[in-house]
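Now for the letters of each chain:
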Amino acid sequence: MGRYQLLTSLVVPRPIGWVSTRSASGSLHLAPFSFFGAISATPMLFSLSIGTRNGVAKDSLQNIRERGEFCINVVTESQLHQMNLTAGEYPPDVDEFAHAGLSVSEAETVDAPYVGECPAVFECRLFKEVDLAPGVSLVIAEALGVRLDPSLRIAEGTHFVATESLRPVGRLAGAEYALLGEVMVLERPR
Ligand SMILES: Cc1cc2nc3c(=O)[nH]c(=O)nc-3n(C[C@H](O)[C@H](O)[C@H](O)COP(=O)(O)O)c2cc1C
């Protein structure tokens, strides 16, 4: 507990990977994970660390294992409250999309649902799962497709998405979240 509190208050802000999955029986699931990071551009890889609940793999991990395909939705200011609603410890038959009043859309490059309201979505497959310790799994996800809503501004001649148009949210300690503050530009020395 002490380690968790130290780590999650010092490694901040953390991006939130909002993972949407379909179970083997077809039910829909959605849950946020902030032990989430970008680890490679080519191939485009992400890390997600997913724990167990009462010794049992969380629904998201179970579905990722069973289906091998899922989406990682980027959480922005407009979805912050709905994201929080999807983090409850619900039984496996609860559809968090419906619970949070979110629309379900279908990915193109993988067989998985995504959050229709999210302006940016990575369509992923399971690249590798690493057993880190009892009850902690590292999921490495590979994006096969990236969906971008036309509302996002892209700097001309680049693939940089303007942060002000995305308005991402980061997780801090406990129930704290960071919204987009002042963006500072600092060129690297040559
Ligand atoms: C912002 C946020 C970040 C979270 N990050 C993680 C995480 O990185 N790993 C984890 O195991 N649980 C994390 N949780 C808790 C899960 O979202 C929660 O256990 C959820 O119920 C799992 O859903 P599932 O059983 O449908 O997979 C986080 C919760 C919140 C609100």
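Structure report, in brief. Everything numeric in this text was worked out from a predicted model, so none of it was measured. (Residues numbered from 1 in each chain as written. Predicted model: local features only at pLDDT ≥ 70, side-chain atom pairs only at ≥ 80, totals over all residues. Heavy atoms only, no water.)

## Comments concerning the site of the ligand
Around the ligand, a shell composed of 18 residues is seen, among which Pro-32, Ser-34, Phe-35, Arg-53 and Ser-60 lie nearest. Note that an oxygen atom of the ligand is positioned 2.8 Å from one of the backbone N or O atoms of Pro-32. Contacts to the ligand include Lys-58, whose side-chain N or O atom sits 2.8 Å from an oxygen atom. Alone, the ligand offers 650 Å² of accessible surface; in the complex the protein occludes 91% of this. When atom positions are compared with the pocket grids, the ligand is found to occupy the second largest pocket. Within the residue set of the shell around the ligand, elements represented by two or more residues are strand S3 (28-33), strand S5 (45-53) and helix H2 (59-67). The biggest single contributor to the shell around the ligand is S5, with 4 residues. Across the shell around the ligand, the residue classes tally to 7 nonpolar, 5 polar and 6 charged. (Near = heavy atom within 4 Å. Polar contact = N/O pair within 3.5 Å; in protein donor to acceptor, adjacent residues only side chain to side chain. Areas by Shrake-Rupley, 256 points an atom, 1.4 Å probe, with all protein chains shown as cover. 1 Å grid on protein atoms, 1.4 Å probe; cavity = no way out; pocket = protein on both sides within 12 Å on 5 of 7 lines; lining within 4 Å. Sits in = over half its atoms within 2 Å of the grid points. Helix = DSSP H or I, 4+ residues; strand = E, 2+ residues; numbered from the N terminus. Nonpolar A, V, L, I, M, F, W, Y, C, P; charged D, E, K, R; others polar.)

## What to know about a nonpolar patch on the surface
The grouping of Met-1, Tyr-4, Leu-6, Leu-7, Leu-10, Val-11 and Phe-35 at the surface amounts to a nonpolar patch, some 750 Å² of accessible area in total. By secondary structure assignment, the location of Phe-35 is in the loop between S3 and strand S4 (36-40). (Patch = residues over 30% accessible without salt bridge, like charges linked within 9 Å, V, L, I, M, F, W, Y side chains within 5 Å. Salt bridge = Lys/Arg side-chain N within 4 Å of Asp/Glu carboxyl O.)

Shape descriptors only; they carry no functional weight alone.
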